[in-house]
Amino acid sequence: MKFIKPLLLFVFLSGLLGCAALVGIYFYIKPDLPSVTVLKDVRLQTPMQIYTNDGKLISQYGVKRRIPVKLDEVPEQLIHAILATEDSRFYEHHGIDPIGIARAAVSLLLTGEKKQGASTLTMQLARGFFLTREKTYIRKVKEIFIAWHMEQVLTKEEILELYLNKVELGHRSFGFGAAAQVYYGKPLTELTLAQIATIAGLPKAPSVLNPISGPERSVERRRVVLLRMLDENYITQQEFEEAASMPVTAKKHGAEIEVDAPYLADIIYNEMVEIYGKEEAETGGYQVYATATSDMQLAAQKAVVRNLHDYDERHGYKGPLGYLFNAPEVNEGDDPLPALNLSFDISDKQTPSDWTEDGFLRVLREVPYIKPLVPAVVTGMSEQSITVFDVNGNTRTIEWAGLDWARRYITDFRQSNEPEVAADITQPGAVIYIREQEGQWRISQLPEVSGAFIALNPKNGAVEAVVGGYSFYQSQFNRATQAKRQVGSNIKPFVYSAAIDSGYTLASIINDAPINQWNAATGVAWRPQNSPAEYDGPIRMRKALGKSKNVVSVRLLRGVGLRNTVDYLTRFGFYADDIPLDETVSLGSSSHTPLEVVRGMAVIANGGYLVNPHFISKVLDENGTELWKANPVWACEACTKGAAPDNTLDENEEADIEALLEAQLNQDVTLAEGPQEDKPIAPQVITPQNAFLVAEMMRTAVRANGNWNKKTYWLGTGWRARNILQRTDIAGKTGTTNDSRDTWFSGFHKDIVATAWVGFDNMGRQLGRATRNQNLVNRNPEKFNWIGNALIGTEDGAKAAGPAWIRFMQYALADKPHSPMPVPEKIVRIRIDRTSGKLTRRTDHTTLFEYFLQGTEPKSYVRDDEVIDPAEKNTVTRPEPEEIF
């Protein structure tokens, strides 16, 4: 008994000394301890997510993958799995588990190694926020004190929720919400018990225990988690056995992308980086909503891809990517066969019997997979079909309808004869691309030609769709917003607008005759020509724009003045530095991006207002609170009051025109109410009357005009648009540069304006010419030259770029009722002579109705001896060239 008192004294003094030491250590490291109160309002590093306007995920940006979840959104089984494995006494301790610490101390004394950390969930969270994984005593002490502080500031539920969202779980996933998506591609609520146990076991060593990098170790760790759940009575023996026997089902998943629109996402990402900086943009958890809806964006992408394939197919098949066997012999002087760039040798496999499906798959997985193209190998063929095995393990038969386009490409201007049998196109052993179109598989290839497309809401500049090329994964250069290309005749509506502003009318007569202008300084004559080189002599301005007469555009520029025209073009948002100060500007020698062109076209479509294109609708924080919302300038519709005619009259209509006109002009109709007071108004850069008159001329450009029987018939350069869309409430303009290096089509309905561009990235390469492929002509003999891969002739804006615009508008306007542009105030419609543009008292086919700005209508009547009846003309007189020196 005499030792009891000294022993108690020793224990007391030791405890006192220990407490003093602990207090001393605390005050020693206190300056280095962070304030845990920041965790009350902590911002977890969450990636930026970009959505379409209708809420479908386009992309996600950020090194760390995190999907924050609330505690009540987490399955109870996952919470049980984590507590059973990581901290079974979580709700009993105050951040520090004495039993765990004692166990770790005993292990250290017995083995001399720091094998057990004794970290509670709170201590792990403290380390995750404030410390490192370095195994030192001072770090462990800091961890203990921080955990104790955390327990004073936060509730257990708050600590658990932070842990569930903070912990690192491998493959750049942080938090269990992200882990469920990365490993299984679904939310936490849809995970099985086996999957829950798998991710619950990751915090210990996520890089080696995850089911992708180490599936065997993952299974072992999963079993440990399930045993702990069984020990804690969270699961039954049967549940344990079922879950423990499940196979590994994990594979790496990206974010749940619902709409693949990388060009749009990249634009928005760069805007966010410019505003917030790269780190904040990628970690601030911003939810960014585009102005474009998913359906419009997908429609634009499909239109561009289809159009580029159509161009590519009519110019011929360039052959397979390479051969696995049956490679044809190469004659002297021939081009070498294409070779596959593989990471392994296949020279020992020269016959079909040397190959298995696994061997095919090994090769095909190294072929670039650029959607919608699917790598495949030809395994067999009949007279007019082939059998292929693709990279997804599917065996498919491609019938003649998917092969018959593939005549051999010679140059951009020449193609071989159309194929008659499958052997004319390919053979077994060839590695090719295939793609699906309208439910049918076809042989294909990666187009070398490029394209771009952009559509706006003309009322406020909201971008409805943007496509920067065939594939973002092939080329990240966005041709819609970055590529300045010569615009060709797409500039003419703006030149004609300048002419109207200077007093010209739609009935003004311009001489469509060749021009020869001598330049004394260079000793060279400038001879602008029409394309095609046909000249009509005196021609009304409306018809000249509809037929895209080059020399008329030059003469109008001269009438307005070069400097005045260039200054006028800047009203539409074009930069003066991009506009050459010479007469070629009237033919589109200036270079602009499709975005700049469509913005200019929006001025004509909306009644004269310069809106600002924008891609972002709103920005939310990680909690869904709105941080910013677009407040664009609006076209002031209330300033363009007018009547919307119920009947649109074409030049060939012979109905009771007077009655219709009277009803139209007497109709007391105004537009819907304009923008609300909180909507800023866009600057008005041209008058509503000017915009209407230019739009009217552009409407002529996309249709057939006049009467065939009366010999007044003529086609606008974009006639396919009206023929295919079967609408009269559209307007447009083609554009083609010298030698067809750039082709354009821009046009609009009153609710949407769009521009399409097609050309090669190599600006010196011409788009060439397509000859007749009788295989394709035979499918639709009457309309083969309207749209698609059977178009023939020299490529131009109507054939190369126009189809993308038409295909998009087929979708965009499908549910929109016919809605002609409203007629502004001070616009009158008067019957004139078709040839001279003068007033007339006739009512036959030599006359037509035309719009005029009030006060500019013709004052004199055409005399009977001046009337030219096209129906009585038997010959066409070609005007003599006008020499200008």
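Residues numbered from 1 in each chain as written. Predicted model: local features only at pLDDT ≥ 70, side-chain atom pairs only at ≥ 80, totals over all residues. Heavy atoms only, no water.

K.L.:
Just to check I follow, could you spell out the overall build of the chain for this structure?
P.N.:
Looking only at helices and strands, the chain has 25 helices and 31 strands in total. Counted over contacts in the chain with a minimum sequence separation of 6, partners at least 24 positions apart contribute 70%. Summed over all atoms, the accessible surface of the chain reaches about 40,800 Å², with 51% contributed by carbon and sulfur. (Helix = DSSP H or I, 4+ residues; strand = E, 2+ residues; numbered from the N terminus. Contact = heavy atoms within 4.5 Å. Areas by Shrake-Rupley, 256 points an atom, 1.4 Å probe, with all protein chains shown as cover.)

K.L.:
Sorry, what's going on with the sheet that holds strand E11 (residues 463-467) here?
P.N.:
Think of a sheet as strands paired side by side through backbone hydrogen bonds, with each pair either parallel or antiparallel. With antiparallel pairing, the five strands of this open sheet are ordered in space as E11-E10-E25-E24-E23. The open sheet has two edge strands with one neighbour each: E11 and strand E23 (731-736). Between one strand and the next, the sheet's axes are offset by a mean angle of 10 degrees, whatever the strand orientation. Summarising the sheet, strand E10 (residues 450-456) and strand E25 (residues 752-759) pair through seven bridges and their orientation is antiparallel. Bridge pairing links Leu456 to Val753 in E25. On top of the sheet, helix H20 (residues 594-605) reaches E10, strand E24 (742-749) and E25; it is set at about 145 degrees to E25, its chief contact. Relative to E23, helix H22 (residues 688-700) is tilted by about 70 degrees, and along the sheet it contacts E23 and E24. (Pairing = 2+ DSSP bridges. Axes fitted to C-alpha atoms, helices over the stretch in contact; angles between N-to-C directions.)

K.L.:
Looking at this model, I keep getting lost on helix H7 (residues 176-184). Mind explaining?
P.N.:
In terms of burial, H7 is a largely internal element, nine of the nine residues being buried. Three or more residues of H7 are buried, namely Phe176, Gly177, Ala178, Ala179, Ala180, Gln181, Val182, Tyr183 and Tyr184. Close packing links the buried residues of H7 with helix H2 (76-86), helix H6 (156-166) and helix H8 (193-200). (Buried < 20%, exposed > 50% of the residue type's maximum accessible area, 1.4 Å probe, protein only.)

K.L.:
Any chance you could explain the sheet that holds strand E19 (residues 626-629) here in plain terms?
P.N.:
Strand order in the open sheet made by the five strands is E2-E1-E3-E18-E19, with mixed pairing throughout. Every other strand in the sheet has two partners, leaving strand E2 (57-61) and E19 as the edge strands with one partner each. Averaged over all neighbouring strand pairs, the angle between strand axes comes to 20 degrees, with direction disregarded.

K.L.:
Hey, could you run me through the packing of aromatic side chains in this one?
P.N.:
Describing an aromatic ring pair means giving the distance of the ring centres and the angle of the ring planes. Evaluated as defined, the whole model comprises 18 aromatic pairs. Relative to Tyr713, the ring of Trp708 lies with its centre 5.3 Å away and its plane at 75 degrees, an arrangement referred to as edge-to-face. With a relative accessible area of 36%, Tyr713 lands in the partly exposed category. Residues Phe745 and Trp805 carry aromatic rings whose centres are separated by 5.0 Å and whose planes lie at 50 degrees to one another, so their mutual orientation is tilted. (Phe/Tyr/Trp six-rings, centres within 6.5 Å; stacked < 30°, edge-to-face > 60°.)

K.L.:
So what exactly am I meant to see when it comes to the packing of helix H10 (residues 215-231) against helix H11 (residues 237-244) here?
P.N.:
One way to put it is that H10 packs onto H11 with a least axis distance of 10 Å and a crossing angle of 175 degrees. Comparing their axes, H11 and H10 come out roughly antiparallel. Taken together, the residues of H11 that come into contact with H10 (itself represented by Arg222, Arg223, Leu226, Leu227 and Leu230) are Gln237, Phe240, Ala243 and Ala244. (Parallel < 35°, antiparallel > 145°, perpendicular 65-115°, else oblique.)

K.L.:
Is there a simple way to explain the nonpolar core in this structure?
P.N.:
Soluble globular proteins tend to pack their nonpolar side chains together in the buried interior. Within the largest apolar cluster, 83 residues are counted, with the highest numbers of intra-cluster contacts made by Ile50, Leu264, Ile268, Met272, Val288, Ile604 and Phe615. Of all the elements, H20 adds the most residues to this core, at eight residues. Not counting residues within four places of it along the chain, the set of residues in contact with Met272 comprises Met48, Gly277, Ala281, Tyr286, Val288, Ile616 and Val619. Counting 76 residues, the second largest nonpolar core, distinct from the first, contains Val304, Tyr317, Ala756 and Ala790. (Core = buried A, V, L, I, M, F, W, Y, C linked by side-chain atoms within 4.5 Å.)

K.L.:
Is there a simple way to explain the pairing of strand E30 (residues 847-853) in this structure?
P.N.:
Consecutive side chains of a regular strand alternate in pointing toward one face of the sheet and then the other. Counting buried residues along E30, six of its seven residues qualify, which places the element largely inside the surrounding structure. One ladder, built from seven bridges, connects strand E29 (residues 827-833) with E30; its direction is antiparallel. In the sheet register, Ile827 faces E30, and the bridge partner there is Leu853.

K.L.:
Help me out: how do you make sense of the packing of helix H16 (residues 492-501) against helix H19 (residues 562-569) in this one?
P.N.:
In contact at an axis separation of 10 Å, H16 and H19 are set at 115 degrees when each is read in the N-to-C sense. Between H16 and H19, the angle is such that the two are roughly perpendicular. Crossing geometry of H16 relative to H19 is assigned as right-handed. Counted together, Phe494, Val495, Ser497, Ala498 and Asp501 of H16 and Thr565, Tyr568 and Leu569 of H19 form the full contact between these two elements. Within the contact of H16 with H19, the residues separate by chemical class into five nonpolar, two polar and one charged. (Left-handed = near helix turned anticlockwise from the far one by under 90°. Nonpolar A, V, L, I, M, F, W, Y, C, P; charged D, E, K, R; others polar.)

K.L.:
What exactly am I supposed to notice about helix H14 (residues 294-314) here?
P.N.:
For an α-helix the count is 3.6 residues per turn, leaving residues at separations of three or four pointing the same way. Here H14 contains 21 residues, and its C-alpha end-to-end distance of 30 Å stays within 8% of the 30 Å for a straight helix at 1.5 Å per residue. Across the 21 residues of H14, 18 count as buried, placing the element largely inside the fold. Once H14 ends, the next one or two residues include Gly316, with phi positive near 110 degrees. (Expected span 1.5 Å × (residues − 1).)

K.L.:
Teacher, can you tell me more about the side chain of Thr198 here?
P.N.:
Its location among the elements puts Thr198 in helix H8. Note on Thr198: relative accessible area 5%, which makes it buried.

K.L.:
Sorry if this is basic, but what is going on with the side chain of Thr737 here?
P.N.:
Mapped onto the secondary structure, Thr737 falls in the loop between E23 and E24. You can call Thr737 buried: its relative accessible area is 9%. Within polar-contact distance, the side chain of Thr737 engages the backbone nitrogen of Arg741 at 3.5 Å. Side-chain polar atoms of Thr737 contact the backbone nitrogen of Asp742, separated by 2.9 Å. For Thr737, the contacting residues outside a window of four places in its chain are Gln486, Val487, Gly488 and Asp742. (Polar contact = N/O pair within 3.5 Å; in protein donor to acceptor, adjacent residues only side chain to side chain.)

K.L.:
I would appreciate a short explanation of unusual backbone geometry in the present structure.
P.N.:
For residues besides glycine, phi is generally negative; the peptide bonds are generally trans as well. Going from Lys371 to Pro372, the amide bond is cis rather than trans, its omega being 10 degrees. When you line up the elements, Pro372 lands in the loop between helix H15 (357-364) and strand E5 (374-382). In this model, Asn233 sits at a positive phi of 65 degrees, which is unusual for a non-glycine residue. Relative to the helices and strands, Asn233 resides in the loop between H10 and H11. Taking relative accessible area as the criterion, Asn233 reaches 67% and is therefore assigned exposed. Its identity as a non-glycine residue notwithstanding, Asp739 has a phi of 60 degrees, on the positive side. Relative to the assigned elements, Asp739 resides in the loop between E23 and E24. Residue Asp739 is classed as partly exposed on the basis of its relative accessible area, which comes to 45%.

K.L.:
I tried to follow the pattern of salt bridges on my own but got confused; where do I start?
P.N.:
One side chain can pair with another of opposite charge once the charged atoms of both are near each other. Enumeration according to the criterion identifies 38 salt bridges in this entry. Lys278 is the salt-bridge partner of Glu282, the closest N and O atoms lying 2.8 Å from each other. Of this pair, Glu282 and Lys278 both sit in helix H13 (residues 278-283), four residues apart, which is roughly one turn of the helix. Between Arg306 and Glu438 there is a salt bridge, and its shortest N-O distance comes to 3.2 Å. Note that Arg306 is positioned in helix H14 and Glu438 in the loop between strand E8 (430-437) and strand E9 (440-444), a separation of 132 residues in sequence. Overall, the relative accessible area of 69% leaves Glu438 in the exposed class. Residues participating in the shared-partner salt-bridge network are Arg306, Asp310, Glu438 and Arg807. (Salt bridge = Lys/Arg side-chain N within 4 Å of Asp/Glu carboxyl O.)

K.L.:
How do you make sense of the confidence of the model for the chain when you look at a structure like this?
P.N.:
As a general rule, the predicted coordinates of low-pLDDT regions are not to be interpreted in detail. Taken residue by residue, the chain gives an average pLDDT of 86. The fraction at 70 or more is 84%. Here residues 651-676 is a poorly scored stretch, pLDDT under 50, and it has 45 contacts once near neighbours within four places are set aside; other chains count. Predicted confidence is poor over residues 875-885, with pLDDT under 50, and the contacts of this stretch with residues over four places away or in other chains come to 24 contacts. (pLDDT = per-residue confidence, 0-100.)

K.L.:
Looking at this structure, how should I read the pairing of E10?
P.N.:
Of all seven residues in E10, seven are buried, a share of seventy percent or more. Taking every second residue as pointing to the same face, both faces of E10 are buried, with Ser450, Ala452, Ile454 and Leu456 on one and Gly451, Phe453 and Ala455 on the other. The turn joining E10 and E11, which pair antiparallel and follow one another in sequence, is formed by six residues; a positive phi near 80 degrees is taken by Gly461.

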